Structure formats: C-alpha cells, structure tokens
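For reference, the chains in residue letters:
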Amino acid sequence: MAFIKINKENFFHNLSQFVKKTGSKKSIGIVLKDNAYGHGLELMAQLSQEFGLTQAVVRTYNEAEIIKPYFEEILVLGDSAIVDEQCSFSLNSLEDITNAQVGSTVELKVDTGMHRNGIAFEELEIALQLIKEKDLILKGVMTHNRSADELSSELFWQTKVFEDVKKTVKDVGFKNVRFHAFNSASALRLPCYNEDFIRLGIGAYGYSELPDIYETLDLKPVLSLWANKVSTRKVNQGQRIGYGGTYIAPKDMSISTYNLGYGDGWMRSSSLASFVTTNKLPFLGRVSMDYISIESTKEEICIFDDALSAGKQLGTISYEITTQLHSDINRVVV
Ligand SMILES: *Cc1c(COP(=O)(O)O)cnc(C)c1O
C-alpha cells in the first residue's frame, strides 16, 4: 500500500488562521467525519486535542466513541439521539425527534434553503413543542449554508431565514441554546467573532473551494500521498506498459513499479490523460490494480501534496480525493 504523511505544522497553521477569525479555540468544532476527510480519525483527533480544541463533529456514534478521550463535547450528525453526557445529536426531521431517547441532548437542524436535511421553517414550532414534551435537552439549533462556496447572494438570504429561526426559538422560551450555521466556506467568507460554534471541516485540512476573490486566509494542505518502489525494470522502445498496454515506450527506458492502486482508494480515472505527480512525473499507462508505473528509480515518490490540484487533474474536488483514501493506509505525522 501507499502511505500518507500528515503535516502537523500545516494543520496547526490552518487552525490558527481560523482561531484568528473566531477569537477563540472554544467555538471551533473540528469536523472529523469520513475518517477525518481521509486524514485518519483518531490521529486527527489527537492532533486537534494537542492544538487545544475541545469540540468535534462526526457523522456516526461509532466515530464519536473512538474520539471521546480527546474531546469534551462531540456533535453527532447522523445517528439517533441517545443519552450520553459527552455527545449531542442533530435532529434532521420530526421523525428524528420521535426516535430520540428521552433525556438525550440534541441540536435541531432547520432547513433554510439547502433542502437536503433539516425540518422546514413551518415545522419549527411543532418541533420545539415535541422536544419539550419528550424532555430532550436542546443544546443547539443549526442550519447548513447551501452555497457558501459560490458567488451568490443565497448565503445572505439563508442567513436572514436563520435570524427568524433564532427569534422563534427564543420566543418559545428556550434558553442557553447555541446557534450555528458556519462551515469552512462561511467562516472564510464572513466575520466569525459572534458565532457560537463553527463546524470546521475542509478548511482545517488546508483547502478552500471558494472562488479566488474570497481567498481570505492562507491555508496549507495537511495530507500528502506517497508510494514506495516495488521493482525497477528496463523496457525497450515500442514495449507496452500496464493494463491494456495503453502506454508504448517511446525510447529505451528504466521504469519502476510503485505500490499505489485501487485498494488505496486511487481512481483509475476515466480521463485518458495520465496523472502527473507532484514532481511532474506522469503515470505511464493505466493504474493496474494495485500498481502504477513511473519513469523513476526513487525509493519513494510523492503522488500529490495538494488534493485541490490533484482533484483538478481527475475532474473532482479536494474533498473526494482525500476522503476516499483507504483507512488502512499507514499515516505518519511529520
Ligand atoms: C461536513 C459538514 C460540515 C463541514 O463542512 P466543510 O465544508 O468541510 O467545512 C459542516 N456542517 C455539516 C452539517 C456537515 O455535514
């Protein structure tokens, strides 16, 4: 298998950039879902704790259990609410309220325009009533901004709807409720000082998918993907390399096989253009199951150290490149 280097200095640098905007480490919840976007769940939990973060966000209760030793508070986005002192659970529908365990701590998600998850604004009063009747502890009310990473005014009307949500929740008499709507893109675009809580994902890992005009922070990629040499061979001009023999050696050359492939979460890629590594070495021919061929004799090569540009080559975004890297890949902190 390939291996991954996690650059601790860059991770701390990114977190510091956001702390400058929030004014406090306390209001940042590091999003560790999907194996910390492929960076490694427990490893990134450890590093987040070392940096001084006290809150995390995950998708499943399983993930929460793994990282409990590292955090004071954990928000679980995608599992039914149960009583757990350390965890709060997001409620995405009226049904979720029905399924929540009596006495559990919850955060109600309201749909302010993304139409993916959350109760409708019109259902808000009913939802709050149900929460009271079931003796759930309402810790937070949240929403997700639909297009904070696009140039548009939608973010602003979503924010406006969320203001009405806040008012309703307060009018119904709930106290000590935190309100949160910010992901990385919102945190990059907008002032953060007054936010109760920011759910910080991709930005912490060093990426912004925002148009350049919103480049407000200097973020550095945390993850790089590396492969080891398996063997070296000489091929003669005209010989074919890899599955399907799509690459024909234009000259006699020394090529090496490296241990990166589908099992690592690397895509075969539908495009015909071959992937080019950080040091400008193209993959020769196709990714062949668990191996690639490259004209190099180096023991280790860096496949990519910037998932945003790697994603551009493969026609996708940084989230997808890092998130699909297999959890079995060895991750080392440098
Ligand atoms: C994944 C997720 C986030 C983090 O989003 P980024 O764009 O990675 O910062 C925040 N909130 C919710 C509800 C999410 O599901």
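Given the structure is predicted, the values throughout are model-derived calculations rather than measurements.

Remarks on the pairing of strand β2 (residues 28-31)
Part 1 of the reasoning: Residues Ile-28 and Ile-30 line one face of β2 and the alternating positions Gly-29 and Val-31 line the opposite face, and both faces are buried.
Part 2 of the reasoning: With three bridges joining them, β2 and strand β3 (residues 55-58) adopt parallel strand pairing. Across the sheet, residue Ile-30 finds its bridge partner in β3, namely Ala-56.

Considering the nonpolar core
Part 1 of the reasoning: Ranked by size, the top nonpolar core spans 98 residues in total, and within it Leu-32, Leu-108, Ile-303 and Phe-304 carry the most contacts.
Part 2 of the reasoning: Top element by residues in this core is helix α3 (residues 41-51). It accounts for six residues.
Part 3 of the reasoning: The residue makeup of this core includes at least three contributed by each of domain 1 (8-200) and domain 2 (223-333).
Part 4 of the reasoning: Setting aside its immediate chain neighbours within four residues, Leu-108 contacts Leu-91, Ile-97, Ile-119, Leu-124, Ala-127, Leu-128, Ile-131, Leu-138, Gly-140, Val-141 and Met-142.

Remarks on the site of the ligand
Part 1 of the reasoning: Every residue near the ligand is listed here: Val-31, Lys-33, Tyr-37, Leu-77, Lys-109, His-144, Asn-183, Ser-184, Arg-199, Gly-201, Ile-202 and Tyr-319.
Part 2 of the reasoning: With respect to the ligand, the side chain of Arg-199 contributes an N or O atom lying 2.7 Å from a nitrogen atom.
Part 3 of the reasoning: Isolated, the ligand exposes 390 Å² of accessible area, and the fraction of that covered by the protein chains is 93%.

Considerations on the sheet that holds strand β9 (residues 198-200)
Part 1 of the reasoning: Read from one edge of the open sheet, eight strands run β8-β7-β6-β5-β4-β3-β2-β9, paired in parallel fashion. Strands with a single pairing partner mark the edges of an open sheet, and in this sheet they are β8 (178-180) and β9. Neighbouring strand axes in the sheet, compared pairwise and without regard to direction, differ in orientation by 30° on average.
Part 2 of the reasoning: Contacts between helix α1 (residues 8-22) and the sheet are confined to β2 and β9, with β2 contributing the most and set at about 145° to the helix.

Focus: the UniProt feature "binding site: substrate" (unreviewed entry) in the protein
Part 1 of the reasoning: As recorded in UniProt, the sites labelled "binding site: substrate" (unreviewed entry) are Arg-116 and Met-289. For the residues just named, distributed over 174 residues, the greatest C-alpha separation reaches 35.6 Å, placing them at more than one site.
Part 2 of the reasoning: Position of Arg-116 among the secondary structure elements: in the loop between β6 (105-109) and α6 (124-133).
Part 3 of the reasoning: For Arg-116, a relative accessible area of 54% gives the class exposed.
Part 4 of the reasoning: With sequence-adjacent residues up to four places away left out, Arg-116 is seen in contact with Lys-109 and His-144.
Part 5 of the reasoning: Structurally, Met-289 can be placed in the loop between β13 (253-258) and β14 (292-294).
Part 6 of the reasoning: With residues near it in sequence (within four places) discarded, Met-289 still touches Tyr-243, Gly-261 and Tyr-262.

Some words on unusual backbone geometry
Part 1 of the reasoning: Phi is positive for Asp-34, close to 50°, though the residue is something other than glycine.
Part 2 of the reasoning: Note on placement: Asp-34 falls in helix α2 (residues 33-37).
Part 3 of the reasoning: The class of Asp-34 is partly exposed, set by a relative accessible area of 31%.
Part 4 of the reasoning: Phi is positive for Lys-280, which is not a glycine, with a value near 65°.
Part 5 of the reasoning: Take Lys-280: it is sitting in the loop between β13 and β14.
Part 6 of the reasoning: By relative accessible area, Lys-280 is classed as exposed at 67%.

What counts and how
- Residues numbered from 1 in each chain as written.
- Predicted model: local features only at pLDDT ≥ 70, side-chain atom pairs only at ≥ 80, totals over all residues.
- Heavy atoms only, no water.
- Buried < 20%, exposed > 50% of the residue type's maximum accessible area, 1.4 Å probe, protein only.
- Helix = DSSP H or I, 4+ residues; strand = E, 2+ residues; numbered from the N terminus.
- Pairing = 2+ DSSP bridges.
- Core = buried A, V, L, I, M, F, W, Y, C linked by side-chain atoms within 4.5 Å.
- Domains from an automatic or database assignment.
- Contact = heavy atoms within 4.5 Å.
- Near = heavy atom within 4 Å.
- Polar contact = N/O pair within 3.5 Å; in protein donor to acceptor, adjacent residues only side chain to side chain.
- Areas by Shrake-Rupley, 256 points an atom, 1.4 Å probe, with all protein chains shown as cover.
- Axes fitted to C-alpha atoms, helices over the stretch in contact; angles between N-to-C directions.
- UniProt positions renumbered as here; feature names shortened; annotations may be inferred.

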